[in-house]
Amino acid sequence: MQKCKINGIEIAFVDRGAGPLLLLVHGFPLDHSMWDAQIDVFAQRYRVIAVDLRGFGQSEVDANPPGGTADMELFADDLAALLDSLRIDGPIFLAGLSMGGYVAFQFALKYPRRLRGLILCDTRAMGDTPQVAAARRQTAQRVIADGPRSLVDSMMPRLFSEATLKRRPEMVDSLRRVMMETDRQTIAAVARGMARRPDVRPRLDEIGCATLVIVGQHDAISPVDEMRAIAAGIPRGRFVEIAASPYFSPAL
Ligand code: MLT
């Protein structure tokens, strides 16, 4: 992995392949390794950068996030600064999954000229309801006091279908390991940041670049209909629903 100091924090990232730039942004509380399979494929035709956002994976932890909160816009600013430090001026393709999508929305709205295309995977445009936001703030406190185990346990059945939990133990274990190793202050700061992220639905029509909106058929966190509405709200949005292979269908 490479490292680069930006906005006062050392950021780690994988940089592979050559061609148009594809920047990949992971979900919560994960790191760049969730994209390993995609990096292998896309690096054959693109220059792929898969970043560990500040505090995650091998990136430095922000010891003092303002108000103990890491906002999605801060991560978008880090991505812009990373591109600057790598002297990448031309417009790029940006893909974000789940929390990575929250960051990608902020990037698209703040740095529209830096984007050639946007890929939103299993994410949400609306902000948290007051109940969800309150639960996240409680989670933040609990993780600081006791570590991430209860958060991770509660997330597993939402990240994987029952069939995947049973049949792909190696994939499940590797994600679980990354989550368990994530710094607890980072988890807390980002949970608080997600709790107050803005509702971007009223601004979807400002996203001018070609945008692919992808959702897995059984996604429990980002419902299919909600993602279809995101694509409909973006002028050049295109919606793709990925059907689960029968092997991983919850019905089995
Ligand atoms: C993620 O996978 O990035 C998170 O589950 C997103 C969220 O909690 O809203």
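Predicted, not measured: the structure shown is a model, and the values here were computed from it.

Basis of the calculations
Residues numbered from 1 in each chain as written. Predicted model: local features only at pLDDT ≥ 70, side-chain atom pairs only at ≥ 80, totals over all residues. Heavy atoms only, no water. Helix = DSSP H or I, 4+ residues; strand = E, 2+ residues; numbered from the N terminus. Buried < 20%, exposed > 50% of the residue type's maximum accessible area, 1.4 Å probe, protein only. Salt bridge = Lys/Arg side-chain N within 4 Å of Asp/Glu carboxyl O. Polar contact = N/O pair within 3.5 Å; in protein donor to acceptor, adjacent residues only side chain to side chain. Contact = heavy atoms within 4.5 Å. Expected span 1.5 Å × (residues − 1). Near = heavy atom within 4 Å. Areas by Shrake-Rupley, 256 points an atom, 1.4 Å probe, with all protein chains shown as cover. Nonpolar A, V, L, I, M, F, W, Y, C, P; charged D, E, K, R; others polar. Arc of directions from axis to C-beta.

1. Thoughts on unusual backbone geometry
Now for step 1: Looking along the chain, the bond that leaves Phe-28 and enters Pro-29 is cis, with omega of -10 degrees.
Now for step 2: Relative to the helices and strands, Pro-29 is located in the loop between β3 (21-25) and α1 (36-42).
Now for step 3: Even without being glycine, Asn-7 reaches a positive phi, approximately 45 degrees.
Now for step 4: Relative to the elements of secondary structure, Asn-7 occurs in the loop between β1 (2-6) and β2 (9-16).
Now for step 5: Relative accessible area serves as the criterion here: at 48%, Asn-7 is assigned to the partly exposed category.
Now for step 6: A positive phi angle is found at Ser-98, which is not glycine, with a value near 55 degrees.

2. Focus: the pattern of salt bridges
When the charged atoms of two side chains with opposite charge come close together, those side chains can pair.
Now for step 1: In total, this model carries 18 salt bridges according to the counting rule given.
Now for step 2: One salt bridge connects Arg-54 with Asp-62, and the closest N-O pair in it is separated by 2.8 Å. The residues Arg-54 and Asp-62 share a single accessibility class, namely buried.
Now for step 3: We note a salt bridge from Asp-199 to Arg-201, for which the minimum N-O separation is 2.7 Å.
Now for step 4: One network of salt bridges, with partners in common, ties together Arg-54, Asp-62 and Asp-78.

3. Comments concerning the side chain of Arg-54
Now for step 1: Tracing the chain through its elements places Arg-54 in the loop between β4 (47-51) and α2 (72-85).
Now for step 2: Among the polar contacts made by the side chain of Arg-54, one reaches the side chain of Asp-62 at a distance of 2.8 Å.
Now for step 3: There is a polar contact of 2.7 Å between the side chain of Arg-54 and the side chain of Asp-78.
Now for step 4: Once you skip the residues sitting within four places of it in the chain, Arg-54 turns out to touch Asn-7, Ile-9, Ile-11, Ser-59, Glu-60, Asp-62, Leu-74, Phe-75, Asp-78 and Thr-186.

4. Points about helix α8 (residues 184-195)
An α-helix turns once per 3.6 residues; consequently, residues spaced three or four apart project the same way.
Now for step 1: Taking 1.5 Å per residue as the helical rise, α8 with its 12 residues ought to reach 16 Å, and the 16 Å between its terminal C-alpha atoms agrees with that figure.
Now for step 2: Across the 12 residues that make up α8, a large majority, nine, are buried.
Now for step 3: Those residues of α8 that fall on the buried side of the exposure criterion are Thr-186, Ile-187, Ala-188, Ala-189, Val-190, Ala-191, Gly-193, Met-194 and Ala-195.
Now for step 4: If you follow the buried residues of α8, they end up packed against α2, α3 (99-110), α4 (130-146), α5 (149-159) and α7 (169-181).

5. Re the site of the ligand
Now for step 1: In the vicinity of the ligand, the contacting residues are Gly-27, Phe-28, Ser-98, Met-99, Tyr-102, Arg-136, Met-155, Met-194 and Ile-221.
Now for step 2: For the ligand, an oxygen atom lies 2.8 Å from a polar atom in the backbone of Phe-28.
Now for step 3: One of the side-chain N or O atoms of Ser-98 is found 2.9 Å from an oxygen atom in the ligand.
Now for step 4: Calculation on the ligand without its partners gives an accessible area of 270 Å², and the protein chains cover 93% of this total.
Now for step 5: Here the residues of the shell around the ligand are counted per class, giving six nonpolar, two polar and one charged.

6. A closer look at α4
Now for step 1: Taking 1.5 Å per residue as the helical rise, α4 with its 17 residues ought to reach 24 Å, and the 24 Å between its terminal C-alpha atoms agrees with that figure.
Now for step 2: Among the residues making up α4, those that are buried are Ala-133, Arg-136, Thr-139, Ala-140 and Val-143. The arc that holds every buried residue of α4, seen down its axis, measures 110 degrees, which confines them to one face. Away from the buried face of α4 by more than 90 degrees, exposed residues Pro-130, Gln-131, Gln-138, Gln-141, Ala-145 and Asp-146 are located.

These figures come from the coordinates and say nothing about function on their own.
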